[in-house]
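# Results of the structural survey
Here are the chains, one letter per residue:
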Amino acid sequence: MSQLLPAARADVPTTAPVSPVAPPEPAVAGPGARTAVVGLGYVGLPTSLALVAGGARVTGVDISPDRLDDIRADRADLLDDDRSRLRETLRATDPALRLTTAVAEIADADTVLICVPTPVDRHLAPDLTALRAACAAVVAHARPGQTIVLTSTSYVGTTRELLVEPLAARGLRVGQEVFVAFAPERVDPGNDRHRQELTPRVVGGTTPECTARAAAALARITPLVHRLGSPEAAEMTKLLENTFRAVNIALANEFADLCRDLHLDVTEVIDGADTKPYGFMAFQPGPGVGGHCIPCDPHYLLWQVRGQRREAPLIETAMRGIAARPRRVVDRIRELLAGAGRPLLGARVLLAGVTYKPGVADVRESPALEIIGELVRAGADVAFVDDLVDTVRTPDGQLLHRVADPADREWDLVVVHTRQSGLDEAWLRGQPMVLDATYRLTGLPRREVV
């Protein structure tokens, strides 16, 4: 079993245990190190701040002026510590973080980190629009001596396809003149227990020297860097991490359905199993999964597997189960209303919480959007309440505004989709029917589960 130890020295072979970093060149991780972070979303911005905290001078590059305006105006969704760090950094006389839309400034950096989104399209195929554009910009402005690290999740071979080969076509020798590696991001939005400084990273370079230089650069973020033998191994590591989560979430949802049929509390069952100190890891059931990891990343692997005329039946089944979960919630809403003698048509349904996870103002891929869309198509009178979200757009384009005070209206059914900190559970206890899609509410007299 491999161990996580401090980041690697440049003079240690890739097969040796990782050891404390002695930077191969001051330009990579020394006091004058200059780093460009391409993409300032939920990964790139916290990564930039972690690098600044590690002593780097960072140029944050994003093609969206609106995104940069949001960052400057303190509207970015960040942990409290990162928000304070951002304010302090931007107020400095000589700020260590500069924000720009000028991609040409990539050429001034000693290290370049690419942190752009990698979603899937409506056919569940990889959408590499942003990644291809970012990599092409980095390649166009690359110069000898740079270390280029891709962090965006993608299929196996992406680093070679979008960076190594185009750089070689430009005449830059990878491993000798420029140094390329893949080090997948590990950012858990809204969770301060998993800060980047405390989270180990893996890195796989095109050559041992590429790995060593990338590890030295990442050591500014975390002292724990585990080296792998290739970019492909690191790419597959990231796909394994998130596919593991997807499969286990699908299993937890299936157990939730089985427990309800057997009149058991699935939360009690999971908590019981979680007392075992080995061989078990607790995953929780819910209304579905959101964000840009679980709903998307396994499809990068499945897309590649299908291209090789192979199958991954366990993963495919899990992803089908995850995709079907929001519709299962709608079916359960219909069942509960029917049991109360109320058709779904015209029923007043409130969703409490619409973000894909608590504490994060992010509705990307949130199951709530599909649930709302299905209810609207069925003719229900649907509304939502969420302290972190002002509006949501349904799949058919309808814009819904959050309810200012849900107590001002009467509801046939309240669906607790995301348990935000501002949720008034005392108010919930007075509702005629509550569908708890989080499985974690207690003390409600008329509580049902999916």
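As the structure is a prediction and not an experimental result, all values here were calculated from the model.

## Concerning the pattern of salt bridges
Enumeration according to the criterion identifies 35 salt bridges in this entry. Residue Arg 132 pairs with Glu 161 through a salt bridge whose shortest N-O separation is 3.5 Å. Pair noted here: Arg 132 is in helix α5 (residues 129-141) and Glu 161 is in helix α6 (residues 158-169), with a separation of 29 residues, a long-range link. Accessibility expressed as a relative area gives 41% for Arg 132, which makes it partly exposed. On the basis of relative accessible area, Glu 161 is assigned to the partly exposed category, the value being 31%. For Glu 335, the salt bridge goes to Arg 332, with nearest N and O atoms at 3.2 Å. Taken together, the residues Glu 335 and Arg 332, both in helix α11 (residues 313-339) and three residues apart, mark about one turn of the helix. Given a relative accessible area of 39%, Glu 335 falls into the partly exposed group.

## Side note on the environment of Arg 195
Its place among the elements puts Arg 195 in the loop between β6 (179-182) and β7 (201-205). Using a relative accessible area of 12% as the deciding quantity, one classes Arg 195 as buried. Along the backbone, Arg 195 and Arg 440 are 245 residues apart, and their C-alpha atoms lie at a distance of 25 Å. The contacts of Arg 195, once residues within four sequence positions are left out, are Leu 79, Asp 81, Asp 82 and Arg 85.

## What to know about helix α10 (residues 297-307)
Within α10, eight of the 11 residues are buried, which leaves the element mostly enclosed by the surrounding structure. For α10, the set of buried residues is Asp 297, Pro 298, His 299, Tyr 300, Leu 301, Leu 302, Gln 304 and Val 305. The secondary structure elements touched by the buried residues of α10 are α8 (231-261) and α11. Downstream of α10 by a residue or two, Arg 309 has a phi angle that is positive, lying close to 60 degrees.

## Structural notes on the side chain of Asp 82
Counting through the fold element by element, Asp 82 comes out in helix α4 (residues 80-91). Dropping the residues within four chain positions of it, Asp 82 is found in contact with Pro 46, Leu 49 and Arg 195.

## Things to note about the UniProt feature "domain: UDP-glucose/GDP-mannose dehydrogenase C-terminal" (unreviewed entry) in the chain
The positions UniProt marks with the feature "domain: UDP-glucose/GDP-mannose dehydrogenase C-terminal" (unreviewed entry) are residues 350-443. Segment residues 350-443 splits into 16% helix and 22% strand. End C-alpha atoms: 20 Å apart.

## With respect to the sheet that holds strand β8 (residues 225-228)
Spatial strand order, β3-β2-β1-β4-β5-β6-β7-β8: eight strands in an open sheet with mixed pairing. Each of the sheet's edge strands pairs with one partner strand only, and the pair in question is β3 (97-100) and β8. Geometrically, the sheet is characterised by an average inter-axis angle of 25 degrees between neighbouring strands, direction not taken into account. Here α6 sits on the sheet in contact with β4 (111-114), β5 (147-150) and β6, set at roughly 170 degrees to β6. Relative to β7, helix α7 (residues 208-218) is tilted by about 150 degrees, and along the sheet it contacts β4, β5, β6, β7 and β8.

## Things to note about the pairing of strand β9 (residues 348-352)
Look at any regular strand and the pattern is simple: side chains alternate between the two faces of the sheet. The buried count for β9 comes to four of five residues, which makes it a mostly enclosed element. With five bridges joining them, β9 and strand β10 (residues 381-385) adopt parallel strand pairing. Looking at the pairing, Leu 350 lines up with Ala 383 of β10. Relative to strand β13 (residues 413-416), β9 is paired through four bridges, and the arrangement is parallel. For Leu 351, the partnering residue across the bridge sits in β13 and is Val 415.

## Details of the environment of Ala 183
Positionally, Ala 183 belongs in the loop between β6 and β7. Residues Ala 183 and His 226, 43 residues apart in the sequence, show an inter-C-alpha distance of 9.8 Å. In this view, Ala 183 contacts Val 149, Leu 150, Thr 151, Arg 201, Val 202, Val 203 and Leu 218; residues no more than four positions away in its chain are not counted.

## Some thoughts on the nonpolar core
Within the largest apolar cluster, 52 residues are counted, with the highest numbers of intra-cluster contacts made by Val 112, Ile 114, Leu 131, Ile 148, Leu 163 and Leu 167. Apart from the residues within four sequence positions on either side, Leu 167 is in contact with Val 139, Ala 142, Ile 148, Leu 172, Val 174, Val 178 and Val 180. Grouped together as the second largest cluster of nonpolar side chains are 33 residues, Leu 336, Ala 368, Leu 369 and Val 389 included.

## Some points on the sheet that holds β9
Read from one edge to the other, the open sheet built from five strands follows the order β10-β9-β13-β14-β15, with strand pairing classed as parallel. Where the open sheet ends on each side, the last strands, each with one partner, are β10 and β15 (447-449). This sheet shows a mean twist of 25 degrees between the axes of neighbouring strands, independent of strand direction. For β13 and strand β14 (residues 434-436), the ladder comprises three bridges, and the chain directions are parallel. What sits directly across from Val 416, in β14, is Asp 436. In this fold α11 packs onto β9, β13, β14 and β15, with an angle of close to 150 degrees to the strand it touches most, β14. Sheet strands touched by helix α12 (residues 367-377): β9 and β10. Its angle to β9, the strand with the most contacts, is close to 175 degrees.

Calculation notes
- Residues numbered from 1 in each chain as written.
- Predicted model: local features only at pLDDT ≥ 70, side-chain atom pairs only at ≥ 80, totals over all residues.
- Heavy atoms only, no water.
- Salt bridge = Lys/Arg side-chain N within 4 Å of Asp/Glu carboxyl O.
- Helix = DSSP H or I, 4+ residues; strand = E, 2+ residues; numbered from the N terminus.
- Buried < 20%, exposed > 50% of the residue type's maximum accessible area, 1.4 Å probe, protein only.
- Contact = heavy atoms within 4.5 Å.
- UniProt positions renumbered as here; feature names shortened; annotations may be inferred.
- Pairing = 2+ DSSP bridges.
- Axes fitted to C-alpha atoms, helices over the stretch in contact; angles between N-to-C directions.
- Core = buried A, V, L, I, M, F, W, Y, C linked by side-chain atoms within 4.5 Å.

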